[in-house]
Amino acid sequence: MGNADLALTDMEGPHRVPLPPERPFLDTFRANLKETFFPDDPFRQFKNERGSRKVVSALQYFLPILEWAPKYSFGLFKSDLIAGITIASLAIPQGISYAKLANLPPVLGLYSSFVPPLVYAMMGSSKDLAVGTVAVASLLIASMLGKEVSAAENPGLYLKLAFTATFFAGVFEAALGLLRLGFIVDFLSHATIVGFMAGAATVVCLQQLKGMLGLQHFTTSTDLVSVMESVFTQTHQVKEGFCVFFQKQETRQTEKIMLSTFIVLCLYMLQWRWESVVLGSCFLFFLLLTRYLSKRNPKFFWISAAAPLTSVVLASLLVYLTRAENHGVQVIGYLKKGINPPSATSLEFSPPYIMIALKTGIITGVIALAEGIAVGRSFAMYKNYQIDGNKEMIAFGMMNIVGSLTSCYLTTGPFSRSAVNYNAGCKTAMSNVVMAIAVMITLLFLTPLFHYTPLVVLSAIIISAMLGLIDYEAAIHLWHVDKIDFCVCLGAYLGVVFGSVEIGLVVAVTISILRVLLFIARPRTTVLGNIPNSMVYRRVDQYPIAQSIPGIFILHIDAPIYFANASYLRERISRGIDDEEDALKTKGRTNLQYVILDLGAVGSIDTSGISMLEDLKKNLDRRGLQLVLANPGSEIMKKLDKSKVLEGIGHEWIFLTVAEAVGSCNFMLHTQKQADSNGTHDNMV
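Note that the structure is a prediction, hence the values are computed from the model and not measured.

Visitor: Let's hear about the environment of alanine 169: which residues, and what values?
Guide: Position of alanine 169 among the secondary structure elements: in helix α8 (residues 155-178). Along the backbone, alanine 169 and glycine 361 are 192 residues apart, and their C-alpha atoms lie at a distance of 4.2 Å. The residues contacting alanine 169, other than those within four sequence positions of it, are Gly361, Thr364, Gly365 and Leu410.

Visitor: Requested: an account of the packing of aromatic side chains, with residues and values cited.
Guide: Counted by the stated rule, this structure contains 13 aromatic pairs. Residues tyrosine 120 and phenylalanine 396 carry aromatic rings whose centres are separated by 5.8 Å and whose planes lie at 20° to one another, so their mutual orientation is stacked. With tyrosine 120 in helix α6 (residues 115-123) and phenylalanine 396 in helix α17 (residues 389-404), the pair connects residues that are 276 residues apart, well separated along the chain. On the basis of relative accessibility, which here comes to 0%, the residue tyrosine 120 falls in the buried class. Look at phenylalanine 396 and you get buried, because its relative accessible area is 0%. Here the aromatic cluster, defined as three or more aromatic residues joined through ring pairs, consists of Phe379, Tyr382, Phe415 and Tyr422. In this structure, arginine 323 packs its charged tip against the face of tyrosine 320, placed 4.8 Å from the ring centre. Just above the ring of tryptophan 479 sits the side chain of lysine 483; from NZ or CZ to the centre is 4.7 Å.

Visitor: Run through the side chain of serine 112, naming residues and quoting values.
Guide: Within the fold, serine 112 resides in the loop between α5 (107-111) and α6. Looking at serine 112, the relative accessible area reads 0%, which means it is buried. One polar contact links the side chain of serine 112 to the main-chain carbonyl oxygen of leucine 108, over a distance of 2.8 Å. Dropping the residues within four chain positions of it, serine 112 is found in contact with Pro117, Thr133, Cys408, Tyr409 and Thr411.

Visitor: Help me get a handle on the pairing of strand β1 (residues 525-530), residues and values and all.
Guide: Each regular strand displays side chains that alternate between the two surfaces of the sheet. With five of six residues buried, β1 is to be regarded as a mostly interior element. Relative to strand β3 (residues 552-557), β1 is paired through three bridges, and the arrangement is antiparallel. Looking across to β3, one finds that valine 527 is bridged to leucine 555. Where β1 meets strand β2 (residues 537-539), three bridges bridge the pair, whose relative direction is antiparallel.

Visitor: Give a description of the side chain of serine 534 that names residues and reports values.
Guide: Examined against the element boundaries, serine 534 turns out to sit in the loop between β1 and β2. There is a polar contact of 2.7 Å between the side chain of serine 534 and the backbone oxygen of isoleucine 531.

Visitor: I'd like a description of the pattern of salt bridges, backed by residues and values.
Guide: Two side chains that carry opposite charge are able to pair once their charged atoms sit near each other. As enumerated under the stated definition, the model contains nine salt bridges in all. A salt bridge links aspartate 482 to arginine 515, with the nearest nitrogen and oxygen atoms 2.7 Å apart. With a gap of 33 residues between them, aspartate 482 in the loop between α21 (472-481) and α22 (483-498) and arginine 515 in helix α23 (residues 501-521) connect regions that are remote in the sequence. Relative accessible area serves as the criterion here: at 22%, aspartate 482 is assigned to the partly exposed category. Residue classification places arginine 515 among the buried positions, given a relative accessible area of 17%. With a closest N to O distance of 3.4 Å, aspartate 615 and arginine 570 form a salt bridge. With aspartate 615 in helix α25 (residues 607-622) and arginine 570 in helix α24 (residues 566-587), this residue pair connects regions lying 45 residues apart in the sequence.

Visitor: Describe the confidence of the model for the protein chain, naming the residues involved and giving the relevant values.
Guide: In this model, the protein chain carries a mean pLDDT of 83, and residues with pLDDT of at least 70 account for 86%. In the predicted structure, residues 4-12 sits below a pLDDT of 50 and forms 18 contacts with residues beyond four places in sequence or in another chain.

Visitor: An account of a nonpolar patch on the surface is requested, with residue identities and associated values reported.
Guide: Residues Phe183, Ile184, Phe187, Ile513, Leu514, Val516, Leu517, Ile520, Tyr562 and Phe563 make up a contiguous nonpolar surface patch of roughly 880 Å² in combined accessible area. Looking at the secondary structure, you find phenylalanine 563 in the loop between β3 and α24.

Visitor: So what's going on with the packing of helix α4 (residues 74-101) against helix α19 (residues 430-446)? Which residues, and what values?
Guide: Running from amino to carboxyl end, α4 crosses α19 at an angle of 50°, the nearest separation of the two axes being 7 Å. Regarding the angle of α4 to α19, the classification is oblique. In the packing of α4 onto α19, the handedness of the crossing is right-handed. On α19, the residues that touch Phe77, Asp80, Leu81, Ala83, Gly84, Ile85, Ile87, Ala88, Ala91 and Ile92 of α4 are Met430, Ser431, Val434, Met435, Ala438, Val439 and Thr442. Classifying every residue of the contact of α4 with α19 by side-chain character gives 13 nonpolar, three polar and one charged.

Visitor: Break down the nonpolar core for me, with residues and values.
Guide: Formed by 109 residues in total, the largest nonpolar core has its most connected members in Ile96, Phe196, Tyr409 and Met466. Of the residues forming this core, the biggest block, 11 residues, is contributed by helix α16 (residues 353-382). What phenylalanine 196 contacts, discounting residues up to four positions off in sequence, is Val136, Ile367, Ala492, Val496, Val501, Gly504 and Leu505. Ranked by size, the runner-up nonpolar core spans 48 residues in total, among them Tyr537, Ile610, Ile654 and Phe655.

Visitor: How would you sum up the environment of leucine 627? Please name residues and give values.
Guide: Of note, leucine 627 is situated in strand β5 (residues 626-630). Here leucine 627 is in contact with Val595, Leu597, Leu613, Leu616, Lys617, Leu620, Ile649 and Trp653, once residues within four sequence places are set aside.

Visitor: Report on the pairing of β3, specifying residues and quantitative values.
Guide: Counting buried positions along β3 yields six of six residues, so the element is predominantly enclosed. Along β3, one buried face is formed by Ile552, Ile554 and His556 and the opposite face, lined by Phe553, Leu555 and Ile557, is buried too. Pairing analysis gives five bridges linking β3 to strand β4 (residues 594-598), with the strands arranged parallel. When the bridges of β4 are listed, histidine 556 appears paired with aspartate 598. Taking the sense of rotation as the criterion, the β-α-β connection linking β3, α24 and β4 turns out right-handed.

Scoring rules and cut-offs
- Residues numbered from 1 in each chain as written.
- Predicted model: local features only at pLDDT ≥ 70, side-chain atom pairs only at ≥ 80, totals over all residues.
- Heavy atoms only, no water.
- Helix = DSSP H or I, 4+ residues; strand = E, 2+ residues; numbered from the N terminus.
- Contact = heavy atoms within 4.5 Å.
- Phe/Tyr/Trp six-rings, centres within 6.5 Å; stacked < 30°, edge-to-face > 60°.
- Buried < 20%, exposed > 50% of the residue type's maximum accessible area, 1.4 Å probe, protein only.
- Lys NZ or Arg CZ within 6 Å of the ring centre and 35° of its normal.
- Polar contact = N/O pair within 3.5 Å; in protein donor to acceptor, adjacent residues only side chain to side chain.
- Pairing = 2+ DSSP bridges.
- Salt bridge = Lys/Arg side-chain N within 4 Å of Asp/Glu carboxyl O.
- pLDDT = per-residue confidence, 0-100.
- Patch = residues over 30% accessible without salt bridge, like charges linked within 9 Å, V, L, I, M, F, W, Y side chains within 5 Å.
- Areas by Shrake-Rupley, 256 points an atom, 1.4 Å probe, with all protein chains shown as cover.
- Axes fitted to C-alpha atoms, helices over the stretch in contact; angles between N-to-C directions.
- Parallel < 35°, antiparallel > 145°, perpendicular 65-115°, else oblique.
- Left-handed = near helix turned anticlockwise from the far one by under 90°.
- Nonpolar A, V, L, I, M, F, W, Y, C, P; charged D, E, K, R; others polar.
- Core = buried A, V, L, I, M, F, W, Y, C linked by side-chain atoms within 4.5 Å.
- Right-handed = clockwise from strand over helix to strand, strands pointing away.

This is the structure:
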């Protein structure tokens, strides 16, 4: 007797799979709804509360500051004070730089580092997230709004649309949180984010060539080809001038060749401002060097954090002392003093611009959410605490709604600033309050000091920050682990670099959704075999020692059965049976008599799946084969019973495990073989 025959000898008989108890439809619907939208059970903290205490708990849920502020101590404040001042030194130059990237007045970058952090400190659940503007969202705003309205020709309307897009982004983010629809952001997979961020960082760096090279005219497109054309076609007038020079001058041919060689080497430099190139290269080298030193020794994180502000101060002094602005070096110029003016009346809700703002707001809002929540969860994992994704969405949404009413544009939790906040030893969200106060002081008293800040140093700051977003190590890891994920990552990157930020995002999300649909429409089905000397059944392609059972074909279905995959599974099961019968005939073994479907991984089934099983049963009956089901879940049993398919299959052919199903089938085969043997013996007698 083989291992599979032992299934019934060590026990009284197979365990029958019972039907689940009847449950009212409303109870089932309520449970499914709760599991879909409230998997974290946010109301559990209110269960044992009564009266006013329940109101306090509700306020603490939406305003986490009410929970941690009463326990706040001076020791915590000292840590948050140091962290807040540190991130302020990074936020001020980055804010100005990213506002310029968005084609907005530089002072808006400071406004956006003042009000939104205060809102997040009250409503956010992350202790480490540092709020501010980000390069990718800034580039998206410039790209999407710039296609419809020129920031140079109509700055007033462009500014209104930026505020309106921020308002819509905030409404969208808050709505996702309130309606518990945060799972929508999960369609941006890790591979998608890696590729998209790397592509966006590449595009942002390319855009900074205008400032680094001191170019006056530059393309508004973000794709690689347009940027390269803009950089290397600035010299056509100079070329024409040299052609005229050669036609007029009576120069010997040898001298012309030598001079031409020199001109070819230097021609493209003639339209570039050498002052900007030298200044930008020096400060970019300085920023990258400090970043390298900080990575080598994390204790010196403050060197990298202070480097942008140090660069701004040194560059401003250099420009002021040398009067470099008179020699082609572009500077920021006048920055308005004072805190954020109200901007509620600047929101633009009239057609056709409302659709532009709405589209921009939704897309930038999704990107901001994906980055902010991913960063918050990363640092929460390091410190072993949990953050509520839906509460974070509400916090992001409210800070952008309030920001749009106070002259701010889109903000989230950038990784670079949050990493500095974490390394500086922040303890609570109070570090955001300290940063906001530091920015407020800058707005009230220090903005004139930025008059001589050269744009080239802002470009250097942006490039140094963006290089950190190109995570080539993650891309290599994806290649080694999952080639499809790598293709998703590469598709997002190429879409952004050679198309646009929007195209890259659409390509990445489309590939991700297609992959999900592919998994649903083409689920894995694997043949199982018995591991010798055990009652365990595993995949024969993974375990070479797994042995097939004579006369029995065991197939494992690894996904729910829906309308999208019912036809495929019907064909796949039939093909598997045909292949098994052909193999048995080739080897001269016992004919196939039983088909066991392992439904342990089938969590749910719809009416199309039920019809597929019914058709499969009829098809197997015509071929003289018996359908056997192993380990079906409660939902499968309930729907099989209600559809009367269970009666057609027979409850006696439903088993708790594959081992029990194989044992019963072997018992039937053994009994039939004995009956055939006795019949043959009687005939001979």
